[in-house]
There are 2 protein chains.
Amino acid sequence: MKTLLNEPALAAVLAALKRTAPVDTETVPLDQAPGRVLGAAFVCPEDLPAFDRSLMDGYAVQAASILGATCESPVCLKLDDAVPMGGRAGVAVGPGRAAPIATGGALPRGADAVVRIEHTEAPGGGVINVHRSVAAGCHMVKRGEDFQAGGQVIFPGQRLRAQEIGLLAAVGVTAVTVYKRARVGIVSTGDELVPATETPRHGRVRDANAHSLAALVNEAGGVAVSYGIVPDDADALYACCCRALCETDMVLISGGSSVGARDHTAGVMARLPDGCMLAHGLPVRPGKPTLLATAGGKPVWGLPGHALAALVMFTVMVRLFLDRRNGIVLEKARRWPLAARMCRRVPSVRGRIDFVRVRLEQQGENLLAEPVSGASGLINSLVKADGLVVIGTECDAIETGAAVTVVPV
Amino acid sequence: MKTLLNEPALAAVLAALKRTAPVDTETVPLDQAPGRVLGAAFVCPEDLPAFDRSLMDGYAVQAASILGATCESPVCLKLDDAVPMGGRAGVAVGPGRAAPIATGGALPRGADAVVRIEHTEAPGGGVINVHRSVAAGCHMVKRGEDFQAGGQVIFPGQRLRAQEIGLLAAVGVTAVTVYKRARVGIVSTGDELVPATETPRHGRVRDANAHSLAALVNEAGGVAVSYGIVPDDADALYACCCRALCETDMVLISGGSSVGARDHTAGVMARLPDGCMLAHGLPVRPGKPTLLATAGGKPVWGLPGHALAALVMFTVMVRLFLDRRNGIVLEKARRWPLAARMCRRVPSVRGRIDFVRVRLEQQGENLLAEPVSGASGLINSLVKADGLVVIGTECDAIETGAAVTVVPV
């Protein structure tokens, strides 16, 4: 994605992205934290584990007691009481002594290693014979070896995965400061649109984009807020956008497919309070009529009414702005390039960025990217597709067999 | 993933996966459908678009009217009234006539093509001059060209993405049959465990796995149901598992790290109603003590108490069972191999499957996989890691520079 916005033709978009700030933070219970973005520095409050712990079923010993033990010349140790699971041993382990301990048990004072039960035999009579020596620290984990009190291991801007949640639970953190989910207002505009619940009369179409865009926003960790359908009326659109700007952190206006309607949307975007028009059309296909403004520091997008173009633009551009609003540090977003080979030549035009819909097929360890045929710019090409391949402005074709990076859709 | 379960050593796990059936279906409103798995055949109820539509701002014409038009010898057409956006043209377009139309407008009867406004001039007087000829069908999309009534384009077992949601909205489907989210019972067992909200006394630890596993279950589209902590008592564990089996679709028992506790968990799993033990330990690292049974057709896992091992086992195995329970057709799961190069040699042991934690670094278009150092089997190696590399049973090392597939974590 970085490479896409590094295109000089998209410099205004990249500059706007860099100025886009995260929304506020809030504190949520641990069970609501998975998938959220850490919003404050996290300092580990205690050592993990909190005590020296056995990694094996066996005996806690002093390593020096069994120095040189072998099958041929075992060392005999006197048995102490077993370490109770979840408890503390009654006595310290001294030289020549061993305390039975289970995996996860707390090492008794005095002990500095664990000998595995498999390397011992118990003839009875309160003793065991040990057949192997161990180094100090063997088969145990020391207090603080996993995480140390005061250590910083998770950073603001990182999405909390299951392992981070496990760490937080393990050290007793049951409330977490995370970035608020960015609220994204979705405004549909166009006299031809009716809600999906209605049967359109001839010449009208159901508003599909509002549903698709809401799905993309929510999947990306935002909160989609629908503002319904606004007719092709500048004052009505202006009023709706102002309300959406007040109530949300980013606004998507979708629709207005005709040149007149686009100009009309652009006019409204340009005069929003504290507004600034940043892009009025982009050299991309699909998505050419895309508009970008900011108003009071909040991004406002004029997306094409065309469903394919709107979804592609969200995936390759709007999503990055939403990630920033959600507090994600893009460098830490763990979004990895998916490598494939193009199985057919795709021509393009220099000076334009093309987003080619491809179907992926796995061949052994490799992926083949096959351009979706009949990609006439209808939404069916995205239903058939698994991803997008970007052809940059400097390139006039992707050749058969070329290595490409695929953006999943 | 397929390659992993194709390991002969995991044949019992693969057989169990194949026998794992999806849960029931339910009908949800469209706005709750994103990310859900389609649960019934979907037949497109109407043509999309429902009428011939213009793709450009321009004029609806009969292509035959402007045959041979060029800049030098333009063709003059008489203007009809403009096609109202979202409405129907008053009259059919006849030979030698043109009706102004905007992008998205419904082509009037008689018209079979659109000529772009850029290829015309309007001298006034109710006529336009056209400078270019177009073929029939040009700059328009025909009724049903995106999707045809009766067509099947989304299939049961597919996760519904934004584009599928858009298609459903566009054809007026506002309620969708999807598979129910599988409910997954999470049981923690061990005398040493306390809830994350408590301060453990010496020798006890907080139950982190329940939180991590719940995060993984929910992220995968399941519904985690917590059954709390059960002490090391066979009857209590049996009772809790029976309740979880009644109320959920799959059960994860986590904990019991000692050999005794594992045997005890295995004993409980083996005598569950209509139960069958399938795997008692697996040749994997981490995750060796993993247990798998089915009871009444529901998978029951005994996961290691060790946090790292539990999370790895979920990611590489349990997740596939959850996907199946959720109705996902694994061949259509769009899970693509992430290709990287190993930047350091990692030794392994033949006959064992190793899961190596790696950090990923992007270098240009390529990914480098660096084994997480100090991977002593503590959870910190997963916090530092971006993914897992699987070393199969037939392999005794991965060499520096080897191409590997990474499973994201």
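Everything discussed here concerns the structure shown above.
What you are looking at is a predicted structure, and each value in this text was computed from that prediction instead of being measured.

Student: Help me out: how do you make sense of the environment of L213 of chain B in this one?
Tutor: All names here are of chain B. Structurally, the position occupied by L213 is in helix α4 (residues 209-219). For L213, a relative accessible area of 0% gives the class buried. Separated by 11 residues in the primary sequence, L213 and A224 have C-alpha atoms spaced 8.1 Å apart. Beyond its immediate stretch of four places on either side in the chain, L213 contacts I186, L252, S254, L303, A310, L311 and F314.

Student: Looking at this structure, I do not really get the relation of the copies chain B and chain A. What am I missing?
Tutor: Relating one copy of the chain to the other requires a rotation about an axis plus a shift along that axis. Superposition of chain B onto chain A requires a rotation of 180° combined with a translation of 0.0 Å along the rotation axis, giving an RMSD of 0.1 Å. What the superposition gives is, in effect, a two-fold axis relating one chain to the other. Of the C-alpha atoms belonging to chain B, the one lying closest to the rotation axis is found on L338 of chain B, 3.0 Å away. Counting the interface residues of chain B, we find that 100% of their copies in chain A are interface residues as well, pointing to one common contact surface.

Student: Whenever I open this one, the pattern of salt bridges confuses me. Can you help?
Tutor: Opposite charge on two side chains permits pairing when their charged atoms draw close. Evaluated as defined, the whole model comprises 30 salt bridges over all chains. D80 of chain A serves as the salt-bridge partner of R97 of chain A, at 2.6 Å between the closest nitrogen and oxygen. Of the two residues, R97 of chain A sits in strand β5 (residues 97-101) while D80 of chain A sits in the loop between β4 (75-79) and β5, which places them 17 residues apart along the sequence. We classify R97 of chain A as partly exposed; its relative accessible area is 30%. With a shortest N-O distance of 2.2 Å, D386 of chain A and R334 of chain B are connected by a salt bridge.

Student: Is there a simple way to explain the sheet that holds strand β8 (residues 127-130) of chain A in this structure?
Tutor: Adjacent strands of a sheet pair through backbone hydrogen bonds, lying either parallel or antiparallel. Residue and element names in this part refer to chain A. Reading across the sheet, the 6 strands line up as β6-β3-β5-β4-β8-β7 and stay open at both edges, with mixed pairing between neighbours. Each end of this open sheet is capped by a strand with a single partner; those strands are β6 (113-116) and β7 (120-124). Averaged over all adjacent pairs, the angle separating strand axes in this sheet is 40°, with direction ignored. The pairing of β4 with β5 spans 2 bridges and is classified as parallel.

Cut-offs applied
All chains use their own residue numbering, which begins from 1 and follows the written sequence. Lettering of chains starts at A and numbering of ligands starts at 1, both following the order in which they are written. In keeping with the predicted nature of the model, local features appear solely for residues at pLDDT of at least 70, side-chain atom pairs appear and are counted solely at 80 or more, and the whole-chain, interface and lining totals rest on all residues. Think of the side-chain values as coming from all heavy atoms in the structure, minus any hydrogens and water. Each helix corresponds to a stretch of at least 4 residues labelled H or I by DSSP, and each strand to a stretch of at least 2 residues labelled E; elements are numbered beginning at the N terminus. For every residue, the accessible area (1.4 Å probe, protein chains only) is compared with the maximum for its type, and the residue is labelled buried under 20%, exposed over 50%, or partly exposed between those bounds. Between two residues, a contact is recorded if the distance between any of their heavy atoms is within 4.5 Å. For the least-squares superposition of copies, only C-alpha atoms count, and only for residues with pLDDT at least 70 in both. Whenever Lys or Arg places a side-chain nitrogen within 4 Å of a carboxyl oxygen from Asp or Glu, that contact is recorded as a salt bridge. Should DSSP find at least two bridges between two strands, the strands are regarded as paired. Helix axes are fitted only over the stretch in contact, all axes being lines through C-alpha atoms; the angle between N-to-C directions runs from 0 to 180 degrees.

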